[in-house]
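Geometric and topological summary
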Amino acid sequence: MARDYAEMEAKWQKAWMDRKLNESERKDGKPKFMIIFAYPGITGYLHVGHLRGYTIADALGRYKRMTGYNVLFPVGTHGTGNGCISLANKIRKKDEKTVDYLIRNGCSPEKVEKLTEPMDVVNFFNDVYQNDYWKRFGFLADWRRFTCTLYPDYAKFIEWQFTKLKENNLLIQKPYYAPFCPECGPVAVDPSETDISKGGLAETQEYTLLKFWCEEKKFFLVAATLRPETVYGQVCFWARPDIDYSIVEKDGETWVVAPQAAEKLQLQFDNVRTVGSVPGKELIGLMCRAPMLHKLIPVFPADFVDPNIGTGLVTSVPSDAPSDWDALEAVKRNPDLVSVYNIPQDVIDSVEPISIISIKGYGDFPAKDIIDKMKISEIKDPEKFKEAMEEAKKVVYKDGYHMGRMKDICGEFAGMRVEEAKDKMKQAMIDAGEADLFRDLTLEVVCRCGRTVHIKRIDDQWFINYADQKLTEGTQANAKNMTIYPPEYYDNVQGVLDWYRERACVRLGKWLGTKFPFDSKWTIEAISDSTLYPVYYTISLYANSGQITPEQMKPCFFDYVILEKGDAASVSKETGISADLLDKIKADVHYWYPLDINLGGKEHMTVHFPVFLLNHRAILPDEMQPKGILVNWYVTGKNKDKISKSKGGAQPIPGAVAKYGADAMRLYYAHVASMYVDVEWDEDVVFTYRQKLEKIMATVEALVSEESDVPAGPIDDWLMSRFSTHLNEIRAAMDKYDLRSMATVVYYDMANDMRWYERRGGKNKATLTKALRIWINAMMPVTPHVAEELWEIAGFNGLVSEAQLPEADAVSPAAEYGEVFLQNVISDVNEIKKMAKGDITKAVIYTSPAWKIGIVKDAIAMAKEGKLTPPDLIKKCMADENLKRMGKEVSNFASKTAVDLKRGSIEDREAIIGMDERAFLDSAKDFIAAEVGLEVQVFSADDEGRYDPAGKAKIAAPGRTAIYLE
RNA sequence: GCAGGGGUAGCCAAGCUAGGAAAAGGCGCAGGACUUAGGAUCCUGUUCUUAGUGAUUCUAGGGUUCGAAUCCCUACCCCUGCACCA
C-alpha cells in the first residue's frame, strides 16, 4: 500500500503547530527539561549525517514531554567566521562549482543570484536549516526563540559575556603566532577548511633557525631544522644553485635565506628587511661555521631543497636524515663540484657522515639503514621516490625521538635521550646567539580569498585564560556532578579540562561576528562566542518578538535577568524595559536554566564542550551550571570518512525525506546503532526501516479493524504483563538516554508480542485498546508522525504528542512464563522432529511427575531461608519413604535442582512451579498441533494410562516436558 | 608525540562499569506457508554433533575463578581528537 508520507507528515506538523506544542512557556511548579543540540555553523547545506544528533535531541525532548516534563528545545545557528563571506564572494564572482553546488541542493537559480552579501547567505541558510531540515523532520523546537550568532541582540549577549570574563580577570593579552592571511587576517587551518581553500591538513611546526657564519662574505647562512639535536652530525650545507636568495638585515645581522623565507621572517620578527639578493650558485663552495660544532663546513649544491619550506637552506646531517644521506652520495659523484664550483677535492673527500645517535635496531647511520630497509634506491619513479623519502624521514625521526640516545661525540649532551637533548640543545644554541625560533606551516595554505597564508606573530592577542586553576578545578567539580554520556567521556573530560590552556578568543581581519567590546579592531572568534549561548535561548524570545531591542540590552539588563544583580527599578530606568517585563524575563531564565542536556557530535569533546563548561563556571552561579552532556558519533560515508558538507556528494536531506519519510529516517538514526559509534550511511538500511514502519502501521490497522471480541484469557494477562515489562524497560533505557534500547523495545519487542498475541488467538477489545494506547504512545518520540496517524486510526482522543505515557502495571512472572514454556515445548518438538528419521505424525508430550515438583518446592523453600545445599536437599528428600524408594534418581534430580536454583532467580522458579503444566498444555493442544503440524497428545508422567512406548516420560521435569514422536 | 576508543558469528550491531544461556536485534542466506509480481508478508532454520539436557566459540596467547566475550597481563591489528575548526 502506497502511503503519501509527505502529506501525512505535513498534516501532523500543522496540527502540532496549531496546538502550539512546540512553543514552550514557563509553567511555575511543573518540572522542566531544557535540551539543545550544539548549533551548526553556517557553512552550506547539511547532509543526512548531521540530522543524527538533531533527531536524537528531538526524540529525547519528546520523551520528556510524555513523561511529565515541560520541555524547552530551542535551536539556532552559528554564522561567525568567514564561511558566509567567502560563499557570498564566490557567488558574486559566479564561481561555477559553488553555483553548481547550490543548484544541486535545490536552490533556485534566481535565488542564487541574490546571495551576494554575507548576511543574505546567513539568512538563506537559516531558512533552509529550519524549514527544509528541522521542521521537515518534525522537530518540536520553539521556533520563536531561534537565534543566530550574527543577530544584533545576540551580539549584545556576547558583549556582556566578555565583560564578565574581563571582570573575572579571565582575559589576558600576550604574543601569539597565528596562520595569517595578508588580506583576511588570521585564519583557522583545519581539515574542514572552513576558512581556507587549500592546505587544511597543514600543521604549524616550530623550526630552529641555525646561523652559519660565513667569514668570506660576512653574512649568516640560515638553515631551518626540526632536529636541533642532530647538529653534532653536521658535515656540509645545502643550497639550491638555481635560485636567488635574499639578503636580509635583522637586528644588525645579515642573513641569507630564500625570498619566501624572507617574507615569512618579516611576519615573525621585528626589524627585518630585505637589502639585496645573491644567486644560489655563488653560495656553493663557501665555507661556513656550523653552530654548536664551531667547525667549518662546505656549502654543496642540492636540488631536493625546497625554497618554500623553512629558509630554503638546509644543514646536512647524513647520518640521521635520509635525504641528506642520499644527496651526499650523489654530490660526491658530481664532477661539477670540482670543475664548476672549484671545490678542492680534499674538502669533498673530508665530508664523511658522523654517527651521533644510537637507536635500538639501527646501526651507526640510521639514515642509511632506513634507505636500505625500504629499498628506496631501487625506486625509479621520481614521485614515488620522493614519497618514500618522506616516509623514511618520518620513521627514522620518530624512532630516533623515542628510542634514540646521544652518543659520546655530542659533548655535554652525550648519553641523554633524544627527547631530552632536543630541547636542551636548542636552548643552548639560542642562548649562545647561534639559533632562533621560527614557525612555518607544513603545507602550502591558501586562504579562501586566494592569498597564501603564513604564520604571523601577533603581539597583543587576547586570550581567555582557561588555564586558571580555580576555574579549572571548579569546572571539573561541576563536571563530576553532571550526567555525561558516553561514560568514557565523563572520565575523559576531566583530563581535557586539565590540559586546556589559554585560548585566543578574538581575531583581526574581516570576519562575521561580534566586535570585541574593549577594542573594536578585534572580532570575537567562533569558539568563544558559542559557549554560554544556551542561556540566551531563554531571552531571545523577547528580542525576537520585539518586546526588547538590542539597544536596551545593556550589561545591566543581563546582570539583572541572568545574575539577579541590581534592582528592577534602576535597570528599568537605564534600559527602558518595564520592571514587569524584566522580572518576567528573569523568571524565565531561572525557570529554564540550568540546561539539562547539551547534545553534540564527538568533534565537540575537546573543543566546544570544555569551553561550554568553563564559561558557565566562569560566569554563572552554582545553581545555573549545566546538568548533562550527550555526545553522538557520526554517520560516515562509504569509506569511513566523515561525509563532508563542503565536498558535496552526500544525499541532500529534502530528497532523503521525500524518498523514505521523516519517520523512517528518525527510526534509522535512533536504532541503527548505539549513539556512540560511527555508522556507515547506507540507503538500503534506511529502506528496511521504512518497511518496518509500514509493517507496524499495517499491523495496527488490522488490529483496529478487527470485528470480533474474544473474552480475555491467560494470553491477555500475558500481553498486559509483557507490556508492563516493556514500559519498565523503556523508562530504564531512557534514564540513560539510551534511545536505541528504547527503540528496540518499541519497534521490535512490542511488535513481536502483538504478533504472538494474535497468533495465540488473542482478540479481546479491551486488551487491545490498552495495548495499542501504550504501544502507539511509546512510538511518539522516535516516529511522531506515524504515531499520530495510528493514534487517530485507533480512535484515541487528541494528539499523541500531548499524551502521557502510562505507568506500568505490576509485572506477573507467572503470566509471562506460560508462553515461554509453550514456546520451549514447540521448539523442542521441532528440534526432535528435524532429527527423527521416518514419517512423524504424532507428538506425545509428558509433564513432570508430582514428586519432582515437590522437590523443587522444597528447594525453593530452603533457598528462601538461605540454607539450600545439595546434601541438605537430598537428606530432606530421603526422609520421605516414597522418594527414598526411587533412590539415585531422586538424589540426582535433587542435586541438579539445588545447583540450578543457585543460578536462576527464585521468582522464575516459582512461576514454573506455580503453573499447572498439564492443564495449560491441554488448553494449548490445538495451537501446538497447528504450529508443529502433528497430532498432539498430552500426559502427565504420573498418568497410569499414558501412552509411553519409549519410556520417555520419566525424563520430564518441571519446566521441561519429555517428548516422544512417532 | 599527548589523550582516548576499539577488535563479537557471512555482514551490521547488543552484551562487556554489577563474570553464570551459542551469545539480543537487524540484514543477508536457506527451506516452507501464503499467494502472487511487491525492493511484499508470515513461519522455521542458519558453529559442529545429536531424538532434544553434548562439544567448541566472541583477534591471538597466558592468568584469576567452580565458572569469562565479560576481570588481569602480553602480543598483533584498527580507529578518533588534539585549540583562532563548528
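Residues numbered from 1 in each chain as written. Chains lettered and ligands numbered in written order. Predicted model: local features only at pLDDT ≥ 70, side-chain atom pairs only at ≥ 80, totals over all residues. Heavy atoms only, no water.

Considering the overall build of chain A
- Assigned secondary structure in chain A consists of 37 helices and 32 strands.
- Radius of gyration (C-alpha) of chain A: 38 Å, far over the 30 Å computed for a compact globule of 966 residues.
- Projected onto the principal axes, the alpha-carbon positions of chain A cover approximately 120 × 80 × 55 Å.
- Split into buried and exposed, the 966 residues of chain A put 54% on the buried side.
- Within chain A, contacts between residues separated by at least 24 positions form 76% of all contacts whose residues are at least 6 apart in sequence.
- For chain A, the exposed surface amounts to about 41500 Å²; the carbon and sulfur share of it is 50%.
- Between the averaged position of the 124 positive side-chain charges in chain A and that of its 143 negative side-chain charges there is a distance of 1 Å. (Helix = DSSP H or I, 4+ residues; strand = E, 2+ residues; numbered from the N terminus. Rg over C-alpha atoms; globule rule 2.2 N^0.38 Å. Buried < 20%, exposed > 50% of the residue type's maximum accessible area, 1.4 Å probe, protein only. Contact = heavy atoms within 4.5 Å. Areas by Shrake-Rupley, 256 points an atom, 1.4 Å probe, with all protein chains shown as cover. Lys, Arg positive; Asp, Glu negative; His and termini not counted. Charge placed at Lys NZ, Arg CZ, Asp CG, Glu CD.)

Concerning the packing of helix α27 (residues 739-759) against helix α28 (residues 765-779)
- The geometry of α27 relative to α28 is characterised by a closest axis approach of 10 Å and an angle of 160° between their N-to-C directions. In terms of orientation, α27 and α28 fall into the roughly antiparallel class. The way α27 lies across α28 gives a crossing that is left-handed. Residues Met742, Val746, Tyr747, Met750, Ala751, Met754 and Tyr757 of α27 pack against Thr767, Leu768, Ala771, Leu772, Ile774, Trp775, Ala778 and Met779 of α28.
- Residue composition of the contact of α27 with α28, grouped by class: 14 nonpolar, one polar and no charged. (Axes fitted to C-alpha atoms, helices over the stretch in contact; angles between N-to-C directions. Parallel < 35°, antiparallel > 145°, perpendicular 65-115°, else oblique. Left-handed = near helix turned anticlockwise from the far one by under 90°. Nonpolar A, V, L, I, M, F, W, Y, C, P; charged D, E, K, R; others polar.)

Focus on the sheet that holds strand β30 (residues 842-847)
- One open sheet holds the three strands; their spatial order is β31-β30-β32, and the pairing between them is mixed. Looking at strand neighbours, the two that pair on one side only are β31 (935-940) and β32 (962-965), the edges of this open sheet. Across the sheet, the mean angle separating the axes of adjacent strands is 20° when strand polarity is ignored.
- Pairing geometry for β30 and β31, over six bridges, is parallel. In the sheet register, Tyr846 faces β31, and the bridge partner there is Phe939.
- In this fold helix α30 (residues 813-835) packs onto β30 and β32, with an angle of close to 40° to the strand it touches most, β32.
- Along the sheet, helix α37 (residues 925-932) makes contact with β30 and β31, crossing β31 at roughly 135°. (Pairing = 2+ DSSP bridges.)

Observations regarding the pairing of β30
- Here β30 lies mainly inside the structure; six of its six residues are buried.
- Burial along β30 is two-sided: Lys842, Val844 and Tyr846 and Ala843, Ile845 and Thr847, pointing in opposite directions, are all buried.
- In the sheet, β30 pairs with β32 via four bridges, with the strands oriented antiparallel. Note that in β32 the partner of Tyr846 across the bridge is Ala962.

As for the sheet that holds strand β1 (residues 32-37)
- Sheet architecture is open: five strands sit in the order β2-β1-β26-β27-β22, paired in parallel fashion. A strand with exactly one partner marks an edge of an open sheet, and here the two such strands are β2 (70-72) and β22 (483-485). With direction set aside, neighbouring strand axes in the sheet form an average angle of 15°.
- With four bridges connecting them, strand β26 (residues 597-601) and strand β27 (residues 628-632) associate as parallel partners. What sits directly across from Gly600, in β27, is Val631.

Regarding the pairing of β1
- The buried fraction of β1 is high, at six of six residues.
- Sheet analysis places β1 next to β2, joined by three bridges and oriented parallel. The residue of β2 that forms the bridge with Phe33 is Val71.
- With helix α2 (residues 51-65) bridging β1 and its parallel neighbour β2, the resulting β-α-β unit is right-handed. (Right-handed = clockwise from strand over helix to strand, strands pointing away.)

Here we look at the nonpolar core
- By size, the foremost hydrophobic cluster in this structure holds 141 residues, and its most contacted members are Phe125, Trp134, Phe139, Ile730, Trp775 and Ile928.
- With 11 residues, the top contributor of residues to this core is α27. (Core = buried A, V, L, I, M, F, W, Y, C linked by side-chain atoms within 4.5 Å.)

Concerning the packing of helix α26 (residues 714-735) against α28
- Viewed as axis vectors pointing N to C, α26 and α28 meet at an angle of 20°, and their least axial separation amounts to 10 Å. In terms of orientation, α26 lies roughly parallel with respect to α28. Considering the relative orientation of α26 and α28, their crossing is left-handed. Facing α26, whose interface residues are Asp716, Leu719, Met720, Phe723, Leu727 and Ile730, α28 presents Thr767, Lys770, Ala771, Ile774, Trp775 and Ala778.
- A per-class count over the contact of α26 with α28 returns nine nonpolar, one polar and two charged.

Here's the deal with the pattern of salt bridges
- The full count for this structure, using the stated rule, is 53 salt bridges.
- The shortest N-O distance in the salt bridge between Lys164 and Glu167 comes to 3.0 Å. On the criterion of helical spacing, the pair formed by Lys164 and Glu167 is a turn pair, its members being three residues apart in helix α7 (residues 152-167).
- The class for Glu167 is partly exposed, based on a relative accessible area of 49%.
- Linked by salt bridges that have partners in common, Glu23, Glu25, Asp142, Arg144 and Arg145 make up one network. (Salt bridge = Lys/Arg side-chain N within 4 Å of Asp/Glu carboxyl O.)

A word on the environment of Glu352
- Relative to the helices and strands, Glu352 resides in the loop between α12 (345-350) and β17 (357-358).
- Measuring from C-alpha to C-alpha, the distance between Glu352 and Trp325 comes to 10.0 Å, with 27 residues separating the pair along the chain.
- Other than its neighbours up to four places away in sequence, Glu352 contacts Val235 and Lys332.

What about the state of the cysteines?
- Tallied over the entire structure, the rule returns zero disulfides.
- Between Cys84, a cysteine without a disulfide, and Cys148, which holds the nearest cysteine sulfur, the sulfur-to-sulfur distance is 7.9 Å.
- Cys84 gets classed as buried once you look at its relative accessible area, which sits at 1%.
- In this structure Cys236 is a free cysteine whose sulfur lies 9.4 Å from that of Cys288, the closest cysteine sulfur available. (Disulfide = S-S within 2.5 Å.)

Quick notes on helix α1 (residues 5-18)
- Over its 14 residues, α1 runs 20 Å from end to end, which matches the ideal 20 Å to within 8%, given 1.5 Å per residue.
- Those residues of α1 that sit buried are Tyr5, Met8, Glu9, Trp12, Gln13, Ala15 and Trp16. Take α1 and look down its axis: the buried residues cluster within an arc of 155°, on one side only. Among the exposed residues of α1, those oriented more than 90 degrees off its buried face are Ala6, Glu7, Lys14 and Asp18.
- On its buried face, α1 sits against α2, α23 (653-660), α24 (662-671), α25 (683-705) and α29 (784-793).
- The backbone nitrogen of Ala6 lies 3.2 Å from a side-chain oxygen of the residue at the head of α1, namely Asp4.
- The positive-phi residue at the C-terminal boundary of α1 is Lys20, with phi of around 55°. (Expected span 1.5 Å × (residues − 1). Arc of directions from axis to C-beta. Polar contact = N/O pair within 3.5 Å; in protein donor to acceptor, adjacent residues only side chain to side chain.)

Looking at the environment of Arg240
- In this fold, Arg240 is placed in the loop between β10 (236-239) and β11 (244-250).
- With a relative accessible area of 16%, Arg240 lands in the buried category.
- Only 2.8 Å separates the side chain of Arg240 from the side chain of Asp242, close enough to count as a polar contact.
- Here Val305 takes part through its backbone oxygen, which lies 2.5 Å from a polar atom of the side chain of Arg240.

Quick notes on the confidence of the model for chain A
- Put simply, chain A has an average pLDDT of 87, and 96% of its residues get 70 or more.
- Interface confidence for the predicted complex, expressed as ipTM, amounts to 0.90; the pTM equals 0.84. (pLDDT = per-residue confidence, 0-100.)

Notes on the packing of aromatic side chains
- Enumeration over the complete set of coordinates arrives at 50 aromatic pairs.
- Each ring, one from Phe33 and one from Tyr69, has its centre 6.2 Å from the other, and the planes form 65°; the classification is edge-to-face. Of this pair, Phe33 sits in strand β1 while Tyr69 sits in the loop between α2 and β2; the two residues are 36 residues apart in sequence, bridging distant segments of the chain.
- Summarising the aromatic geometry, the rings of Phe162 and Phe516 are spaced 6.0 Å apart at their centres and angled 80° between planes, so their arrangement reads as edge-to-face. Placement of Phe162 in helix α7 and of Phe516 in the loop between β24 (506-507) and β25 (523-524) is noted, with a sequence separation of 354 residues between them.
- By relative accessible area, which is 1% here, Phe516 ends up buried.
- Here the basic side chain of Lys166 rests over the ring of Phe518, its NZ or CZ set 4.4 Å away from the ring centre.
- The ring of Phe180 carries the charged tip of Lys456 above its face, separated from the ring centre by 5.3 Å. (Phe/Tyr/Trp six-rings, centres within 6.5 Å; stacked < 30°, edge-to-face > 60°. Lys NZ or Arg CZ within 6 Å of the ring centre and 35° of its normal.)

Points about helix α3 (residues 83-92)
- α3 sits mainly inside the fold: seven of its 10 residues count as buried.
- For α3, the full list of buried residues reads Gly83, Cys84, Ile85, Ser86, Leu87, Ala88 and Ile91.
- Tucked into the core, α3 has its buried residues touching α4 (96-104), α5 (109-114) and α6 (118-134).

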